[in-house]
Amino acid sequence: MYSGNNNNSVSISVSDDEPNDLNRIRTRNRRKRKKPGHRDSFELPRYILRLFLRYWIVLVFLLAVGLLLFESTSIGTKSANPELKNPVSSGKESPSKKNEGNLNRLDPTTKVIGGIRQRCLKLLPPEELEHLDILEHKDSSSPVKKVVYLTDTDTSVGEEKAAVRVNGTRFNLFTGNQTFAERENSFKVSETVSVHCGFFNVNGGFRISDEDNKFMQSCQVVVSTCAFGGGDNLYEPIGMSKASTQKVCYVAFWDEVTLATQEGEGHKVGEDGYIGKWRIVVVKDLPFMDQRLNGKIPKMLAHRLFPEAKYSIWVDSKSQFRRDPLGVLDALLWRTNSVLAISEHGARSSVYDEAKAVVKKHKATPEEVEVQINQYRHDKLPEDKRFNGKKALSEASVIVREHTPLTNLFMCLWFNEVVRYTSRDQLSFPYVFWRLKVLKNVNMFPVCTRKDLVNSIGHVRKAKPLA
């Protein structure tokens, strides 16, 4: 029977196209193979990336070493060339990297008032500055007509050493030993006032040569500064008119330490006694151990040092004076009918706040500040931030004044306060200003005006105390 044979049979079909399909598979496999050169082109970047990830710290270290070598080479170059490191008296280089761009700048300082940008110091045009003359001013309404400076008739030389440099007290032969009763009497205003005002005894120190004294007595208008103990450098004044050059004295007070320091840096005083426009006056036998206190003598007692002068402008040694002196007198005194112009304090207005800041910044000891402030509180100095309509606190790095009996008295009183208490004169200024109420025509000019008057350089080095 045929049915059994059909169930056990297997049917296999064979296609004639099979060899062609196998050929196509082999062809595709051959196409997928990559050439050895193509593979190597991808391997190189990968290899470099792996090296970077493994050794990046080493690369950073090498870059840092290279930068240090470059900087050390630059420093070595500056050390070999002093002109790149030290400022010169003419002001061509700056002592402070932070303020090196300030030196010799004449661009005006401005501020916006009522939506309009205006100059802070309103000077006359240059052509008018050339025709300015020294104003003869007589204030017949002043309650003080004459100031008598107390002096000691005892000129014994035997006590000179002990009295000139006493560390226990700051009163000495230069100041005179002002009692507290004499302090109180000095604030009583009358037509003739007697007051301690330095130069109490001929053996008190601050000696100046006869030649320099003769020159100083010839000055009618003076711009002055000082650097004692090898302190700040001297910056050439700029911005003056030809007229001011002929009518104004520029005087810098140095001691022998500063003279030696400056000469060591190549800043020689000429045979005529000048460096640039500055007449260098070398002071011997400074009266105080505290160099800041020695600096108050030319700062506050210009009327004693320049007895014939009608006007003076004080500039701290950390600044470069950059305006015409007669123009400054015109802008700050003559046009405002003022006899004293002094810069306001930029940060604070209260003497009590300033006292805290002085202690916090270690400008004076807490004990000496406490003695001064307690006395002022006892005298009922108010905490007002304005006296006589003026800001109570001054910064006092620039002082412009007419030498009148009243302003001379004010400066004597102020000097006596910094001798009695701390040498931080911003603490005593409000007190004296408050006590001497008859001094009203004071121009307390704002910070922006001070910035227009001077280029601020900053202190270069710390003054050496007297041995």
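The structure under discussion appears in the preceding block.
What counts, and where the lines are drawn
Residues numbered from 1 in each chain as written. Predicted model: local features only at pLDDT ≥ 70, side-chain atom pairs only at ≥ 80, totals over all residues. Heavy atoms only, no water. Pairing = 2+ DSSP bridges. Helix = DSSP H or I, 4+ residues; strand = E, 2+ residues; numbered from the N terminus. Core = buried A, V, L, I, M, F, W, Y, C linked by side-chain atoms within 4.5 Å. Buried < 20%, exposed > 50% of the residue type's maximum accessible area, 1.4 Å probe, protein only. Contact = heavy atoms within 4.5 Å. 1 Å grid on protein atoms, 1.4 Å probe; cavity = no way out; pocket = protein on both sides within 12 Å on 5 of 7 lines; lining within 4 Å. Points joined across faces, edges and corners; volume = space filled by probe spheres on them. Nonpolar A, V, L, I, M, F, W, Y, C, P; charged D, E, K, R; others polar.

(A) Here's a closer look at the sheet that holds strand β7 (residues 274–275). With mixed pairing, 8 strands are arranged side by side in an open sheet as β7-β8-β6-β5-β9-β14-β11-β15. Looking at which strands have only one partner, the edges of the open sheet turn out to be β7 and β15 (442–445). The sheet contact formed by strand β5 (residues 221–227) and strand β9 (residues 311–315) spans 4 bridges and is parallel. Each bridged residue has a counterpart across the sheet, and for Val-222 the counterpart in β9 is Ser-312.

(B) Geometry of the nonpolar core. Counting residues in hydrophobic clusters, the biggest one holds 70 residues, and the most contacted among them are Phe-206, Phe-253, Phe-306, Phe-410, Trp-414 and Phe-415. When residues in this core are grouped by element, the largest group, 10 residues, is from helix α15 (residues 405–420). Not counting the four nearest positions on each side in its chain, Phe-410 is found in contact with Leu-340, Phe-429, Val-432, Phe-433, Leu-436 and Leu-439. Residues Ala-227, Val-328, Trp-334 and Ala-341 belong to the second largest nonpolar core, which totals 34 residues.

(C) How the structure looks around the layout of surface pockets. In this structure, the largest pocket encloses a volume near 1,400 Å³. Along the wall of the largest pocket there are 42 residues; nearest its centre are Arg-292, Asp-316, Lys-318, Arg-424 and His-459. Contributions of two or more residues to the lining of the largest pocket are made by β5, α10 (291–300), α13 (351–360), β14 (394–402) and α16 (425–435). It is α10 that provides the largest number of residues to the lining of the largest pocket, a total of 5 residues. Here the residues of the lining of the largest pocket are counted per class, giving 11 nonpolar, 13 polar and 18 charged. The volume enclosed by the second largest pocket comes to roughly 690 Å³. Along the walls of the second largest pocket sit 29 residues, with His-137, Glu-402, His-403, Thr-404 and Pro-405 positioned nearest its centre. The class makeup of the residues in the lining of the second largest pocket is 11 nonpolar, 10 polar and 8 charged.

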